[in-house]
Amino acid sequence: MAIQWFPGHMHLTKKAISERIKEIDVVIELLDARLPGSSANPMLAELTSGKPALKVLNKQDLADPARTALWLDHYNSLPATRAIELDASATTPARRLIDACHALAPTRGSMVKPMRVLICGIPNVGKSTLINTLTGKRATKTGDEAGITKVEQRLVLADGFYLWDTPGMLWPRIIVAKSGYNLAASGAIGRNAFEEEEVALELLDYLIKNYPAALEARYKVKVTPGITDEQLLEEIGRKRGAVLAKGRVNLQKAAEIVIYEFRSATLGRVTLETPDEFAGWLAAGQKLDAERQVKKDKIETNRLIKFKKIPRPVKPRHAESADPDASDTP
């Protein structure tokens, strides 16, 4: 299943960023530390046109600290980029953000030349909670649901430091299939855009391979060699009492339990991708997308030829082969 979710207000956000970016000095992109690659918006790189970038790995208290360190190293190795980890509920995150932005744009930040910062992120990445913490008041509505913030707003974070907040925005087409599942598991995608059971199975498949001890500790099950995600989901359902008539397991209820406990970190501190894993998924997704585009272009070309919108291509003329029966003598 290809998971996609791009509501109408996200088109407006894209337009707002395109207009605002001309006067911005630094772009802060808030990422989910549990899925830093999947939660990085590829469309944002086009919109921000090479502006200095601060990657903030939010919800780091829910993520695997060893993997968070790998992602920080990865982003800090990129040009004109800095990366820090953050918990949006921290009481004093403003100074870390301000210092990081000054390092990226050292000539900005005075009353004469104020620092102008745009903060972006996917839905439900914790941006509204962070904004409220930064301003010391309830400036934006928060909740564990994608797509709550829908309007742009400007905030004064400090003297000579202006912050523009934008609504959470995904991208129109997710070409990395694994990213779609990870985003759905994190709560970044509206609940009507995916099947909980399918997302839970993908999540369990990854956890079996990478966090078996966490599964055993939380659900009191044995993650034996060769166990499948389907078998484990059914076993979790039985352990949690999600049982229907005649002993059948309510897989929908079991899936909801698994997804909720990943999101709340009651399952443990889990990160669903490493930089190397995501690079592999992205390369495979780009290759598949290119192949699909070739097929799409061929179909469109044939359609245009059929309706005589364009001429049929001329086949290359090949040299005539010699007549094997021909004689060399007159």
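Cut-offs and rules
- Residues numbered from 1 in each chain as written.
- Predicted model: local features only at pLDDT ≥ 70, side-chain atom pairs only at ≥ 80, totals over all residues.
- Heavy atoms only, no water.
- Helix = DSSP H or I, 4+ residues; strand = E, 2+ residues; numbered from the N terminus.
- Buried < 20%, exposed > 50% of the residue type's maximum accessible area, 1.4 Å probe, protein only.
- Pairing = 2+ DSSP bridges.
- Axes fitted to C-alpha atoms, helices over the stretch in contact; angles between N-to-C directions.
- Contact = heavy atoms within 4.5 Å.

A. The environment of Asp73, seen in detail. Mapped onto the secondary structure, Asp73 falls in helix 3 (residues 65-76). On the basis of relative accessible area, Asp73 is assigned to the exposed category, the value being 56%.

B. Fine view of the sheet that holds strand 6 (residues 161-165). An order of 3-2-1-4-6-5 is seen for the six strands of this open sheet, with the pairing classed as mixed. Each having just a single partner strand, strand 3 (81-85) and strand 5 (153-158) make up the two edges of the open sheet. Each strand axis lies, on average, 25° off the axis of its neighbour in the sheet, ignoring direction. The pairing of strand 5 with strand 6 spans five bridges and is classified as antiparallel. Note that in strand 6 the partner of Leu155 across the bridge is Leu163. Across the sheet, helix 3 is in contact with strand 1 (26-32), strand 2 (53-58) and strand 3; its angle to strand 3 comes to roughly 165°. Relative to the sheet, helix 5 (residues 127-135) contacts strand 1, strand 4 (115-121), strand 5 and strand 6, its axis offset from that of strand 4 by approximately 150°.

C. Representation of the pairing of strand 2. With six of six residues buried, strand 2 is to be regarded as a mostly interior element. Because side chains alternate across strand 2, one face comprises the buried residues Ala53, Lys55 and Leu57, and the other comprises Leu54, Val56 and Asn58, equally buried. Alignment of strand 1 against strand 2, held across six bridges, turns out to be parallel. What sits directly across from Leu31, in strand 2, is Leu57.

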